[in-house]
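Here's the letter readout for the chains.
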Amino acid sequence: MNREPKVAVVTMEGTNNEFEAFNSLKYAGAAAEIVHIKKFESGARKVSEYDMIFFPGGFSAGDYIRAGAIMAARIKAKLLNDIESFVEQGNLVMGSCNGFQVLIELGLLPNTQGKWETEAALAVNISNRFEARTIYLRVRKNNCLFLKNFEDGEVIKLPIAHMEGRFVPKSQSILEEIVRRKMNVLTYVDSMGKEADYPWNPNGSVLNIAGLCNDRGNVLGLMPHPERVFFRETESDWTRGENRQGMGFRFFLSAVEAIKEKF
Amino acid sequence: MKTDLTGAMRYTELNDEELSEINSRMHLGLSLEEMLRIKTYFTNLNREPTELELQSLAQAWSEHSGYKSSRNYLKKFIFGLAKEKIFYQGDAGLVSFNDKLAVALKIESHNHPSAIEPYGGAATGVGGILRDILSMGAQPVAVSDVLFFGKRSKKGFPSPRFIEEGVVAGIRDYGNRVGIPTVSGGIFYSNDFVPNVLVNVGCVGIVEKDKVLGSSVSKPGIKLIIAGGKTGRDGIHGVNMASSVIEKGKEDATTVQLGNPIVKEPLIHAVLEANDRGLISALKDLGGGGLSSVIGEMLLAGNVGGSIYLDRVPLKEMNMRPWEIWISESQERMLLAVEEKNVEDVMDIMDQWDVTAAIIGESEAGESEAGDHLKIFYKGEAVMDLDLEFLTSTPLYYRSYRQVKKNAETTLPRYPGNLNKILLKMLEDPNIRTKEFAVRQYDHTVRGSTVIGPFSGKVSIEGPTDASIIRPSWDYNEGLAISHGVNPFYSRLDPYRGAKAAVDEAVRNIVSSGSEPLAMSDCINAGNPEKPEVMGEFVQMLQGLRDSASVLEIPYVSGNVSFYNETGKTRIPTVPTILITGKIERLDHSLTPDLKGIGNPIYAIGPPAYEMGGSLYYRMLGIKRSPVPDSDPNVLKDRKNRFLEAAKEKLILSSHDVSEGGMAVALAEMTIGSGIGMELDFSSFSLRADVTVFSETQSRFVVEVAKGSERRFEEIMGSQAMLLGYTSENFRALRGEERIFDLSVEKIRNKWKVGYQ
Amino acid sequence: MAKLRITVTLKGSVEDAEGQSVAKALKLLGYKNVDEVRTGKVYRIKLKGGDLSEGEEFCSKLLSNPVINDCKVEFDED
Amino acid sequence: MAKLRITVTLKGSVEDAEGQSVAKALKLLGYKNVDEVRTGKVYRIKLKGGDLSEGEEFCSKLLSNPVINDCKVEFDED
Ligand SMILES: Nc1ncnc2c1ncn2[C@@H]1O[C@H](COP(=O)(O)OP(=O)(O)O)[C@@H](O)[C@H]1O
Ligand SMILES: [Mg+2]
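Everything numeric in this text was worked out from a predicted model, so none of it was measured.

About the thresholds
- Positions within a chain are numbered from 1, following the residues in the order the chain's sequence is written.
- Working convention: letters from A go to chains and numbers from 1 go to ligands, in the order in which they are written.
- Only residues with pLDDT of at least 70 are given local features in this predicted model, and only at 80 or more are side-chain atom pairs given and counted; all residues enter the totals for whole chains, interfaces and linings.
- Think of the side-chain values as coming from all heavy atoms in the structure, minus any hydrogens and water.
- Only runs of H or I of at least four residues qualify as helices and only runs of E of at least two qualify as strands under DSSP, and these elements are numbered from the N terminus.
- For a compact globule the rule gives 2.2 Å times the number of residues to the power 0.38, and the radius of gyration it is set against comes from C-alpha atoms.
- Note on exposure labels: buried denotes an accessible area under 20% of the residue type's maximum, exposed denotes more than 50%, and partly exposed covers the range between, all computed with a 1.4 Å probe on protein chains only.
- Only N, O and S atoms count as donors, using a 2.8 Å limit from the metal and a wider 3.2 Å limit for Na, K and Ca, and since water is excluded some coordination spheres may look unfilled.
- Contact criterion: two residues are considered in contact whenever any of their non-hydrogen atoms come within 4.5 Å of each other.
- A pair of strands is labelled paired if DSSP reports no fewer than 2 bridges between them.
- Orient the strands so they point away from the viewer; a crossover is then right-handed if the path from the first strand over the helix to the second runs clockwise.
- Residues belong to one nonpolar core when they are buried, are Ala, Val, Leu, Ile, Met, Phe, Trp, Tyr or Cys, and are joined through side-chain atoms within 4.5 Å.
- Working definition: a ring pair exists when centres of Phe, Tyr or Trp rings (six-membered ring for Trp) sit within 6.5 Å. Plane angles under 30 degrees give stacked, over 60 give edge-to-face, the rest tilted.
- Throughout, near means a residue has at least one heavy atom within 4 Å of the molecule or strand.
- Whenever two N or O atoms come within 3.5 Å, that pair is a polar contact, provided that in protein one can donate a hydrogen and the other can accept it, and provided that, for residues adjacent in sequence, both atoms are side-chain atoms.
- The method behind every accessible area is Shrake-Rupley, applied with a 1.4 Å probe, and residues are considered shielded solely by the protein chains displayed.

Here we take up the overall build of chain B. Counting its secondary structure elements, chain B contains 25 helices and 30 strands. For chain B, the C-alpha radius of gyration of 27 Å lies close to 27 Å, the compact-globule estimate for 757 residues. Here the C-alpha coordinates of chain B stretch approximately 90 × 55 × 45 Å along the principal axes. Per-residue burial over chain B gives 67% buried out of 757 residues.

What follows deals with the coordination of the magnesium ion (ligand 2). Coordination angles at a metal have ideal targets, namely 109.5 degrees for four tetrahedral donors and 90 or 180 degrees for six octahedral donors. Residues and elements named next belong to chain B. Coordination sphere of the magnesium ion (ligand 2), protein contribution only: Asp 466 (OD) and Asp 657 (OD), at 2.8 Å. In this pair, Asp 466 is assigned in the loop between β16 (463-464) and β17 (468-470) and Asp 657 in strand β25 (residues 652-657), connecting sequence segments 191 residues apart. In this pair, the class of Asp 466 matches that of Asp 657, namely buried.

A separate point is the environment of Ala32(A). All names here are of chain A. Structurally, the position occupied by Ala 32 is in strand β2 (residues 31-36). When its relative accessible area of 19% is taken as the criterion, Ala 32 is described as buried. Residues within four places of Ala 32 in sequence aside, it is in contact with Val 7, Phe 22, Leu 25 and Lys 26.

Here we take up the pairing of strand β4 (residues 139-149) of chain B. Residue and element names in this part refer to chain B. Of all the eleven residues making up β4, eleven are buried; the element is thus mostly covered by neighbouring parts of the structure. One ladder, built from nine bridges, connects β4 with strand β6 (residues 198-208); its direction is antiparallel. Considered in β6, the bridge of Asp 145 is made with Val 201. Alignment of β4 against strand β5 (residues 182-189), held across seven bridges, turns out to be parallel. Across the sheet, residue Val 146 finds its bridge partner in β5, namely Gly 186. For the crossover that starts at β4, traverses helix α8 (residues 160-178) and ends in the parallel β5, the hand is right-handed.

Formed by 104 residues in total, the largest nonpolar core has its most connected members in Met52(A), Ile53(A), Phe55(A), Phe251(A), Ile45(D), Leu62(D) and Leu63(D). Contacts of Leu63(D), omitting those with residues within four sequence positions, involve Ile65(A), Arg66(A), Val22(C), Ile6(D), Val8(D), Tyr43(D), Ile45(D) and Phe58(D). The next biggest cluster of nonpolar side chains, apart from the first, holds 57 residues, and it includes Leu81(B), Phe538(B), Val539(B) and Ala647(B).

Our focus in this paragraph is the packing of aromatic side chains. Across all of its chains, the model carries 31 aromatic pairs over all chains by this definition. On the numbers, 6.2 Å between centres and 80° between planes, the contact of Phe19(A) with Trp474(B) is edge-to-face. Taken together, the residues Phe19(A) in helix α1 (residues 18-27) and Trp474(B) in the loop between β17 and β18 (479-485) connect one chain to another. Overall, the relative accessible area of 26% leaves Phe19(A) in the partly exposed class.

Within a regular strand, the side chains alternate between the two sheet faces. All names here are of chain B. Burial within strand β9 (residues 305-309) is extensive, with four of its five residues counted as buried. In this structure, β9 lies alongside strand β11 (residues 357-364), joined through four bridges in antiparallel fashion. Counterpart to Gly 306 in the pairing with β11 is Ser 363. Here β9 pairs with strand β12 (residues 373-378) via four bridges, running parallel. Its bridge partner being in β12, Tyr 309 is matched across the sheet by Phe 377.

Residues and elements named next belong to chain B. Of all residues adjacent to ligand 1, which total 15 residues, the nearest are Asp 145, Ser 184, Gly 185, Pro 454 and Thr 465. Gly 185 is positioned such that a nitrogen or oxygen atom in its backbone is 3.0 Å from an oxygen atom of ligand 1. One of the backbone N or O atoms of Gly 186 is found 3.3 Å from a nitrogen atom in ligand 1. Against a free-state accessible area of 550 Å², the protein chains account for coverage of 93% of ligand 1.

Relative to the helices and strands, Thr239(A) resides in the loop between β11 (219-222) and α7 (247-262). As a C-alpha pair, Thr239(A) and Glu131(A) span 108 residues in sequence and 22 Å in three-dimensional space. Setting aside residues up to four positions removed in sequence, Thr239(A) forms contacts with Ile452(B), Ser590(B), Thr592(B), Asp594(B) and Lys596(B). Looking at Thr239(A), its side chain comes within polar contact range of the side chain of Thr592(B), at 3.2 Å.

Note that every value here comes from positions in space, so none of it alone points to a role or purpose.
Here it is, written out as structure tokens:
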């Protein structure tokens, strides 16, 4: 079949990265749609109508209480079962920044126990500051469907812009499980590609975790923003370097290709 | 109609003293002359004004809403310059961007609210400027903020540090939450801003040309819909506050608002979606004066009358008086004029985005000779019935002015010797060093369209940029450049030259990024206009703005005047902050200041002259009187054209404009983001070495040119270009026998990054 | 060794955007009986020596803005 | 009509970045005797009916993430 993958970009008041998320998906070849969470709650839209769900960044409901908490609570109340079966059927779910925070709260990530329980938190940055800058990441692609277009071990650069990104696992055993299963696909590194502390690790995440991909490889959550660097010209150092594809393009193309393979 | 709302007194029978008493009791902020004008009007009508009518007139006739002190002069000097380049003017001004798109821009001050409560003042400043852009039907794409803080504390006022932290947090929390990138701005420190801090906030938006919305309701039967935040007692009389001098300890907590970005964010989406579907006939934002300022203007503009039912306005708190609802300045509200047939669709969109909305009235046919009337009802009772002509006929003043000639003699200090040390000191001066502690808390990449941000260079060692560049639509490979210009130190010594320098810097910044300037918006900050010397400075400043813009042919498409920035004996200098936008035809032509490679020639564009008044160098030496650099817009225009030609041919690899700290600081800043230095020789300049490198002569740039392109570059630039040396490892410079600079680039960077590690 | 508990809230006259968001969320979760939510911050401060009056100074010098906040200082019992 | 006061704090095992920066700021202001600062949030909730057990539900469904937070529900006396 050669249709465009259908992707819902879920919004509510305060999620504010839907513009770049929608455009990135569209320019990567998906049929993207911005869907207010109300439409899912009321049944006007169903999760199962889509091939992928994208939770964008921003400040859902102001990020009051904790980042992502209100959006996650609304989803838990009405939609969690739908999303769980969506994931179990092998469909794709991605969340960046606030979206990652939502996925963690929902228990979609890391989900080491398979019980969809909250196993971690993204706490206030160790600097106690909002941090908006470009950081280095190492990619360990494992089986993650969103990373197909990357080299294993590759060091990439992405923008971050967040206040609450410090990954804290519930227990040591969950952390060990994450590492054993190579779920920590993206880690903060320094300009030489080595794991290092703040400022390289911009928020103080345990094991420098910047992003997690679930066991099956179809759920990715990350603090950085690939959707903001779809074009090379939006990477912060583009005037200094070679002409190549934008970093964001590689993420979204990977997702679109992975979905098309299933058709 | 109930007429006794002003108390038991009959307004039309009051004497002067009683009128003044009413004026201050009701916080009207009107002059006696204006109170008398109202008295005459109602005496002729043979009835008494209602409380709401008086409040309404006070709002409409306030300095803030009516520009009564400034309008005559603005008209005389800067309105209508380069008119043919203006696409449309409303709450914000627009210029054409390409065949399909127009750019909206506006800068506004939020000085008074920020002085009282910095966090909320700055946050609602961002909120307010976003609404101005939105009210044109445009999608906001970038926010900018230019801030002026004091250095020392003043008894009875919050410390400068408290104010600064509050302002930065307010901009961060509001801007980041609404999801519009804050990409440009500036922070200035000077004791001229104790305790009168200035917060100037700008916004730029983009709109399809055929979707630009006006604010006039031109036929009867159009429904008026209020959407967004609910209306409360907050912000009542904010306008009157901005129209008077701050009195110590008299801050009024009821005017404090913190803003609610989470109401604004979906409101932007909903309004733009309704506009995109062609459902809105006219649109206006509710700012100073609230409903009272907006509805009259909308109706008058289209020659219709109207009726408003205040009990339909969604309220935050019960038992508000009708006049409070009418003049409330609650945040996050927009007023939409919608044809009956579209009302259902609009209300539906509002509901989809979870935005509160209500129909509060409609336009009506004008009432013949009597003129168009605005009638207001509350619970079935008429509380206002005024002739629109009268309501909106703000008295305009030609306030008298006196121009104080500040003759300044040239004074050349003793030659200081060690220029290395001076440069290092300059780099860590609060006015020069990095503003990353603030700017890195602002999300500048949201919307994924930031091509050049506030900083550029290698990741983690970035240096400053001159202008930011946004890709306003992903469908075009064109960039929208945004920057600003202002120099409070020059303006203080010489309002005329200060204003010209502000425009010069704004234009320089845009050009330095490789872009062609399109339009400017001016935000004028001044003291009490009732003082002739303040008006004198105001007029000189306007002459400067005019003389530059008319030669450069760049229009001021919008602007804002903030008077009364004074407390007791201290007042701010008359400072214009210029927000500017430009266009770059191809994104990959964008230029940044960080050096790109070793062995490339470095050129100065434009020679330095002995013009040091207000310069960083002279301020450091404590020299107070000396002529301020004078910008020659003809020279600037010529250099701009040559520069952009060279940029188009890709001869220039990096560029920085020469501003505070002269060539020395500009060149040093180019090394920060790259780790590359330069080997320079200033021997060909005849001025003394310190003047050569620290002079702030206007209209200049320093650039890195591609190796091998020297001839072509010199051909285009003519005599304007002077070879200074070549990029290399360290930052070193000679002047004759003297080695004036010898620094490692790390040392330069560490000084500049002081305060941000 | 004193333990202070300082609570900073918004004055009643100042709108609490966070409280409103929380109230909305609770209602959407089915708690229709929620009437109003007001939010605040608590600081639990361990001091070597010191007393309530020092807490008052913390309020005025750092933790609160008297224009918009109320600040309450207590001994921390927990 | 119940009035609840819910206090959400970080667990002792979780580093409190905000608390640390407040402590640092207080020390810079000259309060050398500040030993430790821990921060939290308070929610003061007015309910039509309802009791402490409803507050517990608010904690678990919305106000706290048990991985990092403690959540305490009391009647609000003020
Ligand atoms: N208050 C601010 N808000 C947003 N951006 C700012 C602010 N202050 C500075 N910037 C941005 O940071 C960069 C460096 O600023 P600055 O050091 O003031 O540069 P310059 O002195 O060359 O104008 C510029 O791109 C400027 O727009
Ligand atoms: Mg500059």
